[in-house]
Structures are given as C-alpha cells and as structure tokens.
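The primary structure of each chain is shown beneath.
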Amino acid sequence: MKRRNFLKKASLTGVGLAVSSTTVIGCTETPSKEKKLVTTASETKTTLPLVIATWHVKDATAKAMEILQAGGNALDAVEQGCRIEEANEKGQSVGKGGLPDRDGNVTLDACIMDKHGNCGAVVYLQNITHAVSVARKVMEDTPHVMLAGEGAKQFAISKGFNPENLLTDASKKAWKKWKVEAKYKPIINIENHDTIGMLAIDKNGDISGACTTSGLAYKMGGRVGDSPIIGSGLFVDNEIGACVATGLGEEVVKTVGSFLVVELMRQGKSPQEACEEAISRIVNKPNSNYKDFQVGYIAVNKKGETGSYSIHQWFSMTKFQDGVNEQIQSDYFNKA
C-alpha cells in the first residue's frame, strides 16, 4: 500500500538522519512513480451504492462493494472491507503483521458504527486479527460500547475468535532494528502509523462506517489513538453523513474531528468544505506544530457527495462508485 508516502514529505528536516533504516523502508517509493491520480473535489454523483476508504486500499473497497452489490447492507460492507486489510500482513499498520509497541506487542484498536447510531469498539486488543469484527460483536452482543485489553481479548475468544500471534517475522525484524538507535520519545512522521477507515452507503441510502488500526508504531505500551473513539476516529449520522480520520490520533482527539466534520455538514457545508474546516481547526490552534504531523479526513454526505483533505501532501482516498474503483489524491493544507 502507498499510504505512507506522505511521511517522507512531511518529516522534520534532519530528523530522518537519526532514524534507523527500518523506518525509511516505508518511504522509499516516491509518489511520482505512481500513475497520475485524480485531484479530490466534492462529488455530485448520487449513484448508489458507494464506498470510500482512507489510503490506497482497492482490495478492501472491492470487497465492500461486492457485499453491497449482492444486496448486503452498509454495515456488512465496511466490516468485510476492513477485514481485508486486517489480514494483509504486508501492510504492517492494520491487524496481523502490524508494527508493535516499544515492548514488541502488537495491539489493535477498532470501532464500528451503524445507521441507527449504535457503535462498538475495542482498544489495546492483542492476539486477535479481526479487531473490527470484535468491535461489531461488542456493539451487537453487549450493553457496552467499548472493551479494552484482556477483557476485550477474552470476550473475543468467547465469541469464537481464535487467538494467534500477530507479530510476524517481518514486523519483529523491523522492531529489533528500530530498538538499536531509537529514542523513547516519539518522532512524529518518522515512526509509521496509520489506519484504514471506511464509509459506505448501501442501495437503501443507509450509511455505516468502521475504523481499524495497529496504531502508532513503537508507541508506549497502552497508548490508544483516535481510531476506536467514536466521534474522533469515526462518526456516522444517517440523516447527515459520516466521516473517518487518519494520521496522528492525539491531534484528532483534541478536536473530536470526525464528529466535527459531520456537524459542519449538518450546518450546510459540503463534505469537502467540512473536511477542510476540520483541518483548519487543527493547524490554526495557538502554537500548533502541525508541520510535524499528519492528519487526514474523508467524508460522505447523505446525497453521496464525498470529500477528503489533509494537512500534508500524499494522503489519498479510495472510492468505489458506479463501477469505478479509484484512488483519489487528496487536496492538502500545507503547500508552502
């Protein structure tokens, strides 16, 4: 997947010299080598069904669209689409094969939200690949919204999920290389971190969303970002639209970003305008160090219009609509 290309462009000058070769691997391909991408804009098409997701994840959006075309609902689509990336060991940022925390533990966070506003989430989940499906079980089979840690793991096992070692040889090797020279303090935009967030509208016009991640690579043990937090990493309002976030979770949480985007759409802004305004809330905060981190949003409204926007270049959205499964390069704030 190409979704880490933005890291190289947005990194601090000179910081990369102090980082091990492991981290540089994720940034070796330059965007110029990819085929020309479409520049994002608020869309006017209303053809349903529709799927959008963060980053270059055409296999995931294809799976989601397969579910929708077969008559499935948006909730099934986003769950099954996200599971594709959770099982993709080469991605190293979602599910099995995700890069571990500083202690070598792969910990997963995920959430899901349906057309009725019901939601479920898991945080600090270990040894279970499909965190998004566990989150759905939390939503459907418990009176709770969020389960964490060992409790989330035991709940998953009770529901038939098989525990397994999520630390692949490749991720273990990367972690060991990182430990040689890495400092304990996070180096934003150098240590890889990412998410897949997905939104879908089915043939009935109903919206659901999901978000899943292995979080910030080499994070402090126990760290949780925005991805499993309803309102920050994901928010769905079936009357208005939906939004999902990616990037540095701490900054998304501070502005409750996904909820903000949906509320801005409620006030009449297009998905594109709402994403842009939400990014401006981050970069215009007093003493903001936005040049040191990335945040990106994708959004869809009830009419099927979409938008995406990020702080730095090279964030992209995958969109499947009207038979076309395409990667769309996001517009961005920091053009200096």
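Let me sum up the structure you'll find in this document. (Residues numbered from 1 in each chain as written. Predicted model: local features only at pLDDT ≥ 70, side-chain atom pairs only at ≥ 80, totals over all residues. Heavy atoms only, no water.)

1. Points about the packing of aromatic side chains
(1) Moving on: Scanning the model with the defined rule gives four aromatic pairs in all.
(2) Moving on: A centroid spacing of 4.6 Å and a plane angle of 20° characterise the contact between Trp178 and Tyr218, whose relative ring orientation is stacked. Here the residue Trp178 occupies a position in helix α7 (residues 169-181), and Tyr218 occupies one in the loop between β7 (207-213) and β8 (234-237), the gap between them amounting to 40 residues. The residues Trp178 and Tyr218 share a single accessibility class, namely buried.
(3) Moving on: Judged by centre distance (5.0 Å) and plane angle (80°), the rings of Phe235 and Phe259 are edge-to-face. Of this pair, Phe235 sits in strand β8 while Phe259 sits in helix α9 (residues 257-266), and the two are 24 residues apart along the sequence. (Phe/Tyr/Trp six-rings, centres within 6.5 Å; stacked < 30°, edge-to-face > 60°. Helix = DSSP H or I, 4+ residues; strand = E, 2+ residues; numbered from the N terminus. Buried < 20%, exposed > 50% of the residue type's maximum accessible area, 1.4 Å probe, protein only.)

2. Quick look at the pattern of salt bridges
(1) Moving on: The final tally for this structure, using the stated rule, is 17 salt bridges.
(2) Moving on: Its salt-bridge partner being Asp141, residue Lys137 comes within 3.9 Å of it at the nearest N-O pair. A residue pair is termed a helical-turn pair when its members lie 3 or 4 positions apart in one helix, as Lys137 and Asp141 do in helix α5 (residues 131-141) at four residues.
(3) Moving on: Asp237 is the partner of Arg266 in a salt bridge, and the nearest nitrogen-oxygen pair spans 2.2 Å. On the criterion of sequence distance, the pair formed by Arg266 in helix α9 and Asp237 in strand β8 is long-range, its members being 29 residues apart.
(4) Moving on: Via salt bridges that share partners, Asp76, Glu79, Arg136 and Glu140 belong to a single interconnected network. (Salt bridge = Lys/Arg side-chain N within 4 Å of Asp/Glu carboxyl O.)

By themselves, these figures tell us nothing about what the structure is for.
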